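Each chain is listed here by its residues.
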There are 2 protein chains.
Amino acid sequence: MAGSTDGRVTAAVLIIGDEILSGRTQDTNLRDIARYLGVLGVDLAEARTVPDVQDEIVAALNALRERYDYVITTGGIGPTHDDITADAVAAAFGVELIEHPEILAMMSARWGVELNAARRRMARVPVGGELVKNPVQGPPGFTIGNVFVLAGVPTIMRGMLEDVGWRLRGGAVTVARTVRVEGSGEGVIAAPLEAVAKAHPDMSLGSYPFFGDAGYGSNLVLRSRDPEELARALDELVAALRSAGIDNVREIENA
Amino acid sequence: MAGSTDGRVTAAVLIIGDEILSGRTQDTNLRDIARYLGVLGVDLAEARTVPDVQDEIVAALNALRERYDYVITTGGIGPTHDDITADAVAAAFGVELIEHPEILAMMSARWGVELNAARRRMARVPVGGELVKNPVQGPPGFTIGNVFVLAGVPTIMRGMLEDVGWRLRGGAVTVARTVRVEGSGEGVIAAPLEAVAKAHPDMSLGSYPFFGDAGYGSNLVLRSRDPEELARALDELVAALRSAGIDNVREIENA
C-alpha cells in the first residue's frame, strides 16, 4: 500500500463506465464518497473517470493505488458483457479470478436453477480478495490490497460504503466553517481573503461565488484539521473583510 | 496536438477544484460537456478531478493534452488566491502569463478605478492564448494549443462552450438508441445482449438496470457511428431477447 508521510490519509476514486463519459448518466457517487471519507478524516485527493475498456481501467487503477492510501472504484460489477471491473482488477494485481464460494452459495440460494452463466459472472473475485457487504440488493463488492470495488448504482454504492469505513485508517478530521458575504463580489473579497490565507498556510480557504435573483456574493469556506486555528482564522477573516468596508458578513451553516 | 489514427476524435475533461473533491459541490459540468461534445462527434474518453494545487494541475494537463485531441478544463479562473488555473496552464506549456489587453480594456470599462489587483488576475492569459467568449458574466476563458480553459460555474461554463464547438474538428456523430426491458433482470438479459454485442464489435452496447416502486428491468443502450448498423443491431437485439422468452421489450426515447 502507498502511504503518505505527512500524516494525511489519502484516497482516490475511479469511476468506471461509458455511461458517465457519454453524458447519459450524471455521476453522484464521487460527491457521496467524498463526504463519507471526509467524516473519517480521509482526504479525497483525485478522481478519474474511464470507459469500460480493460486496459484503461488497469492503467488508471495501477497509477492510483500506487500513489494514494486507498482507491475506491464504482461501476462495472454487474452480470453483462460490459461489466469488466473484476477482470481489470485481477489483471492489475496480476492474480486469477475465481468464483467466490460464499457468493456462489448466496446466489444459488437466491436463484436455484436460474443461476446462469451471466449471473455467475458476479461471483468472480480476484484471488486474495475479501467481500464487501451489499445490504441493498444483489451480490457483494470486494476489496483487495488497498482497493475497494463497489457497485455503480448509487443506492447500492452507498450501502456498500458502510462496510468500507471500518477498514480504513482514519486521519485527523477536517472541519469546515463558512462565512457568507452578500452584496460584494470576489473582486473586493479577494485581498482580505488572501491575507488570511497567507497567515494560515496549512489551511484551505476557498471562495464560492453565487449570484441570481436573490442577490450576489460569495461563500468563503475555511477548512482545517485544527478547530482552534479554524476559529482564529474565521475571526481574522471577518475582521479583515470589515476593515475592507465589507459589512454584510456572517457565519452560516456549511452549505 | 495529439491525434487519433482511427478517425475517432477524442477529448478529456479536467475538473479543477477542492470543492468537488471535498464533496461540497456536485459537479455537473462533466455531463454537460460530454453531451455537447457527443453532438459534435467528439468522444469524451477520460475525465480527471484534481485539487487547487499547481503541480497536480500541470501533471494532469500534460498527461491529457498529450494523449487526446482536445482537453477542456473547468474551474479555477476567478479572482481569488486559490484560482490558479491560468498559472498552471502557462507552466504546463512553458510560457509566460501576460495581462491580455482585450480583457484589461473590457474590465477597465466595467470597473474603472475599482479595477483592483484581484480583478486584474482574471485578465491573465498564457502567451499565445486566444480568448473564449463569455456570454454570461465576467471575463472570458481562453484556449492554447489543444486546451480550452473554461469557468467552473455551470451557467458560465455552458455559455463558454458555445465558443468552443466551432473550433473543434468533429468526428462522425455517434447515435444512440435505447431498448427498454421491463420485468426481467440483467441476469437473463445478459446472454442475448452479449450475442448481439459480439456480432457488432465496433458498437457499444450497455445495460443500465433500474428498479424501484415502478418495477424493475434494464435500459439497453446501443451506440454506433453507423445508423444502418445501429438499426440492424436493434432488430437483432429485440429478436434475441424474444427468443430468450423476454417479451416486455420496446424501443424508447433515449433516457
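What you see is a predicted model; the values in this text were computed from it and never measured.

## Comments concerning the packing of helix 2 (residues 29-40) of chain A against helix 7 (residues 154-161) of chain A
Residue and element names in this part refer to chain A. Direction vectors running N to C along helix 2 and helix 7 enclose 20°, while the axes themselves pass 10 Å from each other. The orientation of helix 2 with respect to helix 7, classified from their angle, is roughly parallel. In the packing of helix 2 onto helix 7, the handedness of the crossing is right-handed. Contacts between helix 2 and helix 7 pair N29, D32, I33 and Y36 from the former with P154, M157, R158 and L161 from the latter. Each residue belonging to the contact of helix 2 with helix 7 can be placed in one class, and the counts come to five nonpolar, one polar and two charged.

## A closer look at the pairing of strand 8 (residues 147-150) of chain B
Here is the key point about a regular strand: its side chains alternate between the two faces of the sheet. Residue and element names in this part refer to chain B. Residues V147 and V149 line one face of strand 8 and the alternating positions F148 and L150 line the opposite face, and both faces are buried. Alignment of strand 3 (residues 70-74) against strand 8, held across four bridges, turns out to be parallel. Looking at strand 8, one finds that T73 is bridged to V149. One ladder, built from three bridges, connects strand 7 (residues 141-144) with strand 8; its direction is antiparallel. Bridging across to strand 8, T143 finds its partner in F148. Where strand 7 hands over to strand 8, the hairpin turn is made up of two residues, of which G145 adopts a positive phi near 55°.

## Quick notes on the relation of the copies chain B and chain A
Screw-axis analysis of chain B against chain A gives a translation of 0.0 Å along the axis, an RMSD of 0.0 Å, and a rotation angle of 180°. Interpreted geometrically, this transformation is the action of a two-fold axis. Looking at the rotation axis and the C-alpha trace of chain B, the residue lying nearest is B:R48, at 2.2 Å.

## With respect to the UniProt feature "domain: MoaB/Mog" (unreviewed entry) in chain A
The positions UniProt marks with the feature "domain: MoaB/Mog" (unreviewed entry) are residues 12-171 of chain A. Between the end C-alpha atoms of residues 12-171 of chain A there is a gap of 15 Å, over a span that is 39% helix and 22% strand.

## Describing the nonpolar core
If you look at the biggest cluster of nonpolar residues, it comprises 82 residues, and the most contacted ones within it are A:L14, A:L37, A:L150, A:L161, B:L37, B:L150 and B:L161. Looking at which element gives the most residues to this core, the answer is strand 1 (residues 9-16) of chain A, with seven residues. Residues within four places of B:L37 in sequence aside, it is in contact with B:A11, B:V42, B:I72 and B:L168.

## What about the sheet that holds strand 9 (residues 175-182) of chain B?
All names here are of chain B. Read from one edge of the open sheet, four strands run 10-11-9-12, paired in antiparallel fashion. If you trace the sheet from one side to the other, it starts and ends with strand 10 (204-212) and strand 12 (249-252), each paired once. Ignoring strand direction, the axes of neighbouring strands in this sheet form an average angle of 25°. Sheet topology places strand 9 next to strand 12; four bridges connect them, and they run antiparallel. Bridge pairing in strand 12 links V179 to E251.

## A word on the domain arrangement of chain A
Here chain A is described as being made up of domain 1 (9-167) and domain 2 (175-252). Placing the centre of domain 1 of chain A and that of domain 2 of chain A at their C-alpha centroids yields a distance of 38 Å.

## Comments concerning the sheet that holds strand 12 (residues 249-252) of chain A
Note on sheets: strands pair through backbone hydrogen bonds, and any given pair is parallel or antiparallel. Residue and element names in this part refer to chain A. Strand order in the open sheet formed by four strands is 10-11-9-12, and the pairing between neighbours is antiparallel. Of all the strands in the sheet, the pair left with one neighbour each is strand 10 (204-212) and strand 12. If you compare each strand with its neighbour and ignore which way they point, the axes differ by 25° on average. Contacts from helix 9 (residues 227-243) reach strand 9 (175-182), strand 11 (215-224) and strand 12 within the one sheet, and its direction differs from that of strand 9 by about 10°.

## So, the pattern of salt bridges
Counted under the stated rule, the structure contains 30 salt bridges over all chains. When the shortest N-O distance is used, the salt bridge between A:D32 and A:R158 registers 3.2 Å. Of the two residues, A:D32 is situated in helix 2 and A:R158 in helix 7; the sequence distance between them amounts to 126 residues. Using a relative accessible area of 12% as the deciding quantity, one classes A:D32 as buried. A salt bridge links B:R31 to B:D32, with the nearest nitrogen and oxygen atoms 3.2 Å apart. Taken together, the shared-partner salt bridges in this structure form one network comprising A:R8, A:D43 and A:R225.

## Side note on the interface of chain B and chain A
Tallying the contact residues gives 52 residues for chain B and 52 residues for chain A. When the two sides are added together, the surface that chain B and chain A hide from each other amounts to roughly 4500 Å², 52% of it contributed by carbon and sulfur. Contact with chain A buries area across many residues of chain B, yet B:R24, B:Q26 and B:H81 alone supply 15% of it, more than any other trio. Summed over the shared surface of chain B and chain A, the number is two salt bridges. Our count for the contact surface shared by chain B and chain A stands at 14 residue pairs in polar contact (both at pLDDT 80 or more). Among the elements that make up the side of chain B that touches chain A, the one with the highest residue count is helix 8 (residues 186-199) of chain B (seven residues). Classifying every residue of the side of chain B that touches chain A gives 22 nonpolar, 15 polar and 15 charged. Sheet topology places strand 2 (residues 42-50) of chain A next to strand 2 (residues 42-50) of chain B; three bridges connect them, and they run antiparallel. In the sheet register, A:A47 faces strand 2 of chain B, and the bridge partner there is B:T49.

## Some thoughts on helix 4 (residues 85-93) of chain A
When helix 4 of chain A is considered as a whole, its buried residues turn out to be A:T85, A:A86, A:A88, A:V89, A:A90 and A:A92. Residue A:G94 follows helix 4 of chain A closely and has a positive phi angle near 65°.

## With respect to the environment of A:L241
Residues and elements named next belong to chain A. Within the secondary structure, L241 is located in helix 9. Separated by 165 residues in sequence, L241 and G76 have C-alpha atoms that sit 49 Å apart. If we ignore the near neighbours within four places in the chain, the residues touching L241 are V179, V181, I189, P192, L220, I246 and V249.

## Overview of helix 8 of chain B
The terminal C-alpha atoms of helix 8 of chain B, which comprises 14 residues, lie 19 Å apart, in line with the 20 Å expected from a rise of 1.5 Å per residue. Of all the bends in helix 8 of chain B, the largest measures some 25° and sits at B:P192. Along helix 8 of chain B, the positions that sit buried rather than exposed are B:E186, B:G187, B:I189, B:A190, B:P192, B:L193, B:V196 and B:A197. Lining the buried residues of helix 8 of chain B we find helix 6 (117-121) of chain A together with strand 9, strand 10, strand 11 (215-224) and helix 9 (227-243) of chain B.

Here is what the cut-offs are and how they apply
Residues numbered from 1 in each chain as written. Chains lettered and ligands numbered in written order. Predicted model: local features only at pLDDT ≥ 70, side-chain atom pairs only at ≥ 80, totals over all residues. Heavy atoms only, no water. Axes fitted to C-alpha atoms, helices over the stretch in contact; angles between N-to-C directions. Helix = DSSP H or I, 4+ residues; strand = E, 2+ residues; numbered from the N terminus. Parallel < 35°, antiparallel > 145°, perpendicular 65-115°, else oblique. Left-handed = near helix turned anticlockwise from the far one by under 90°. Contact = heavy atoms within 4.5 Å. Nonpolar A, V, L, I, M, F, W, Y, C, P; charged D, E, K, R; others polar. Buried < 20%, exposed > 50% of the residue type's maximum accessible area, 1.4 Å probe, protein only. Pairing = 2+ DSSP bridges. Least-squares fit on C-alpha atoms with pLDDT ≥ 70 in both. UniProt positions renumbered as here; feature names shortened; annotations may be inferred. Core = buried A, V, L, I, M, F, W, Y, C linked by side-chain atoms within 4.5 Å. Domains from an automatic or database assignment. Salt bridge = Lys/Arg side-chain N within 4 Å of Asp/Glu carboxyl O. Buried area = accessible area lost by both parts, 1.4 Å probe. Polar contact = N/O pair within 3.5 Å; in protein donor to acceptor, adjacent residues only side chain to side chain. Expected span 1.5 Å × (residues − 1). Bend = angle between axes of the 7 residues up to and from the residue.

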